[in-house]
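These are the residues of each chain, in order.
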Amino acid sequence: MRILFYRYGSICEPDIIYGFQELGNEVTEITVEIENKNFLPKDGIKLLKKELLSHSYDFIFSINFYPFISEVCNIFQIRYICWTVDCPVLELYSDSIQNKWNRIFLFDAAQYQTFHYRNPDCIFHLPLASNPNRWNAVIQNASVSDKKRFSCELSFVGSLYTEKCPYDNLANAPDYLLGYLDGIMDVQQKVYGFSFLEEVLSDEIVNKFRSCHRNFYVPPEKSIRDDRAIMAQFYLGAKISSNERIHLMKLLGNHYPFRLYTGSNTADLPIQNHGRVKTLTEMPLVFNNSKINLNITSKSIRTGLPLRVYDVLACGGFLITNYQSELTDYFMPGSDLECYTSDEDLLTKIDYYLTHEKDRQEIAHNGLMKIIRYHNYPERLLQMISLAYGLK
């Protein structure tokens, strides 16, 4: 097949390209949005039109959903295949998801349940994957000094969301609103495997929040408007994730020599901030050389597993992650990785695995084997193409 890949710079794009190529496909890339973050949909329409008039492709592919790509593909009657890696993806509220030439793959089952009804024959649930071959090449070619530099007992790679939390633009909110939101966010932070935020947001609460928030999200024309879902996922989910990560940094930093790799401000936290790491060359060394890697899933991801879970395991790293309801669909806790459901559970398991090296190494090996066998990109892309073309 000939595939036109529209890119914006997601971490997984190179691996997906390699995966398509391993399956014998020819991939042409459009990378203008990587280089120009101000690139507009109207410019994208012109670019795609020119490309499709000049060359023949079997389908266009992108990470996450682009309404303008969907509209162009609908005109040219060519499949548009996309795969989400984020939650929420606000573009999914666009009426364009109803186009019949779409083949939309959503990694989070709750995300799938939310949007499937709008185009039942063209929207699918598909978990994420990783590329153990590429990560292994980086690890095997690393110098002894680099491996030593990234060796530690416990680490976490990622943002604390403190610098990009849209909830914090709330202004002049009444005390009753702040108190209610603080209460439900505190409870949701402690609950793993079940998201209840939308169920406890009344119309009155949503309307008041919207009126007190500067620049509350307003969808573009030809989109459905769901302020309750947007408030729960985009605003409250981000704030809970920020609160949770700061809380865990304090908790773990007071118990262990804990390394954090982030660009977020950590001035008041009892941890070693080693700054950002290079995604393709340094991050796999952190995963491979940390005795324990920690994953803290964003609360906006209601059921699914983020890319971080797959990448840590693909690097041969031992992982402790928070419980998600889809976790046991793909991995076995205690065999492929570990999961926690409370602060106490997390501390207990860190203590245990820091002192039980054989168990830790065996689980890391099992997790790597599970990725190699079932959760690699060629395997997942075959599933995607089969569903997109109605093949068995």
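Here the structure is shown first, and the text comes after it.
Just so we're clear, the structure is a prediction, and the values are computed from it rather than from any experiment.

Novice: Would you mind going over the pairing of strand β2 (residues 26-30) with me for this structure?
Specialist: A regular strand places its side chains on the two faces of the sheet in alternate fashion. Summarising the sheet, strand β1 (residues 2-6) and β2 pair through five bridges and their orientation is parallel. Its bridge partner lying in β2, Ile3 is registered against Val27. Traced from β1 through helix α1 (residues 13-22) to β2, the parallel crossover comes out right-handed.

Novice: Before we go on, may I ask you to explain the pattern of salt bridges in this structure?
Specialist: Side chains that differ in charge, positive against negative, can pair when their charged atoms come close. One pass over the full model with this rule turns up 16 salt bridges. Put simply, Arg134 and Asp15 hold a salt bridge, and the shortest N to O gap is 2.5 Å. With Arg134 in helix α6 (residues 132-141) and Asp15 in helix α1, this pair connects stretches of sequence that are 119 residues apart. The partner of Asp203 in a salt bridge is Arg228, with the nearest N and O atoms 2.4 Å apart. Taken together, the positions of Asp203 in helix α9 (residues 203-212) and Arg228 in helix α10 (residues 227-253) put the pair 25 residues apart, joining distant regions of the chain. Its relative accessible area of 25% is what places Arg228 among the partly exposed residues.

Novice: Where do I start with the pairing of strand β4 (residues 79-83) in this structure?
Specialist: Burial within β4 is extensive, with five of its five residues counted as buried. Residues Arg79, Ile81 and Trp83 of β4 are buried on one face, and the alternating residues Tyr80 and Cys82, pointing to the opposite face, are buried as well. Here five bridges tie strand β3 (residues 59-63) to β4, and the two strands are oriented parallel to one another. What sits directly across from Ser62, in β4, is Cys82. In this view, the connection linking β3 to its parallel neighbour β4 by way of helix α4 (residues 67-76) has right-handed handedness. Inspection of the sheet shows β4 paired to strand β5 (residues 102-106) by four bridges, in the parallel sense.

Novice: I would appreciate a short explanation of the sheet that holds β4 in the present structure.
Specialist: Paired through backbone hydrogen bonds, the strands of a sheet run either parallel or antiparallel to each other. With respect to topology, six strands assemble into an open sheet ordered β2-β1-β3-β4-β5-β6, the strand pairing being parallel. Strands at the two margins of the open sheet, each flanked by one partner only, are β2 and β6 (123-125). Going from strand to strand, the sheet's axes swing by 20° on average, the running direction of each strand aside.

Novice: Is there a simple way to explain α9 in this structure?
Specialist: Helical geometry note: an α-helix holds 3.6 residues per turn, so side chains three or four residues apart project in the same direction. Where α9 is concerned, the buried positions are Ile205, Val206, Phe209 and Cys212. The arc enclosing the buried residues of α9, seen along the axis, measures out at 135°, which places them on a common side. Those residues of α9 that are exposed and aimed more than 90 degrees away from the buried face are Asp203, Glu204 and Ser211. Here the buried face of α9 lies against α8 (175-190) and α10.

Novice: Can you walk me through the packing of aromatic side chains in this structure?
Specialist: The relation between two aromatic rings is expressed through the spacing of the ring centres and the mutual angle of the planes. Enumeration according to the criterion identifies 21 aromatic pairs in this entry. Their ring planes at 85° and their centres at 5.9 Å tell us that Tyr66 and Phe68 sit as a pair that is edge-to-face. Considered together, Tyr66 and Phe68 belong to a single accessibility category, that of buried residues. Each member of the aromatic cluster is reached from another via a ring pair, and the members are Phe5, Phe20, Phe59, Phe61 and Tyr389. The ring of Tyr57 has Arg2 sitting right over it, with the charged end atom 5.0 Å from the ring centre. The ring of Trp135 carries the charged tip of Arg134 above its face, separated from the ring centre by 4.6 Å.

Novice: What is the right way to read the environment of Tyr389 from this model?
Specialist: Looking at the secondary structure, you find Tyr389 in the segment after α16 (377-388). By relative accessible area, which is 22% here, Tyr389 ends up partly exposed. Counting along the chain gives 286 residues from Tyr389 to Arg103, while the straight-line C-alpha distance between them is 8.9 Å. Setting aside anything within four residues of it in sequence, one finds Tyr389 in contact with Met1, Asp58, Phe59 and Arg79.

Novice: Is there a simple way to explain a nonpolar patch on the surface in this structure?
Specialist: There is a patch of nonpolar side chains on the surface, built from Leu53, Ile75 and Phe76 and spanning about 330 Å² of accessible area. Mapped onto the fold, Phe76 is located in helix α4. Residue Phe76 is classed as partly exposed on the basis of its relative accessible area of 30%.

Analysis parameters
Residues numbered from 1 in each chain as written. Predicted model: local features only at pLDDT ≥ 70, side-chain atom pairs only at ≥ 80, totals over all residues. Heavy atoms only, no water. Pairing = 2+ DSSP bridges. Helix = DSSP H or I, 4+ residues; strand = E, 2+ residues; numbered from the N terminus. Right-handed = clockwise from strand over helix to strand, strands pointing away. Salt bridge = Lys/Arg side-chain N within 4 Å of Asp/Glu carboxyl O. Buried < 20%, exposed > 50% of the residue type's maximum accessible area, 1.4 Å probe, protein only. Axes fitted to C-alpha atoms, helices over the stretch in contact; angles between N-to-C directions. Arc of directions from axis to C-beta. Contact = heavy atoms within 4.5 Å. Phe/Tyr/Trp six-rings, centres within 6.5 Å; stacked < 30°, edge-to-face > 60°. Lys NZ or Arg CZ within 6 Å of the ring centre and 35° of its normal. Patch = residues over 30% accessible without salt bridge, like charges linked within 9 Å, V, L, I, M, F, W, Y side chains within 5 Å. Areas by Shrake-Rupley, 256 points an atom, 1.4 Å probe, with all protein chains shown as cover.

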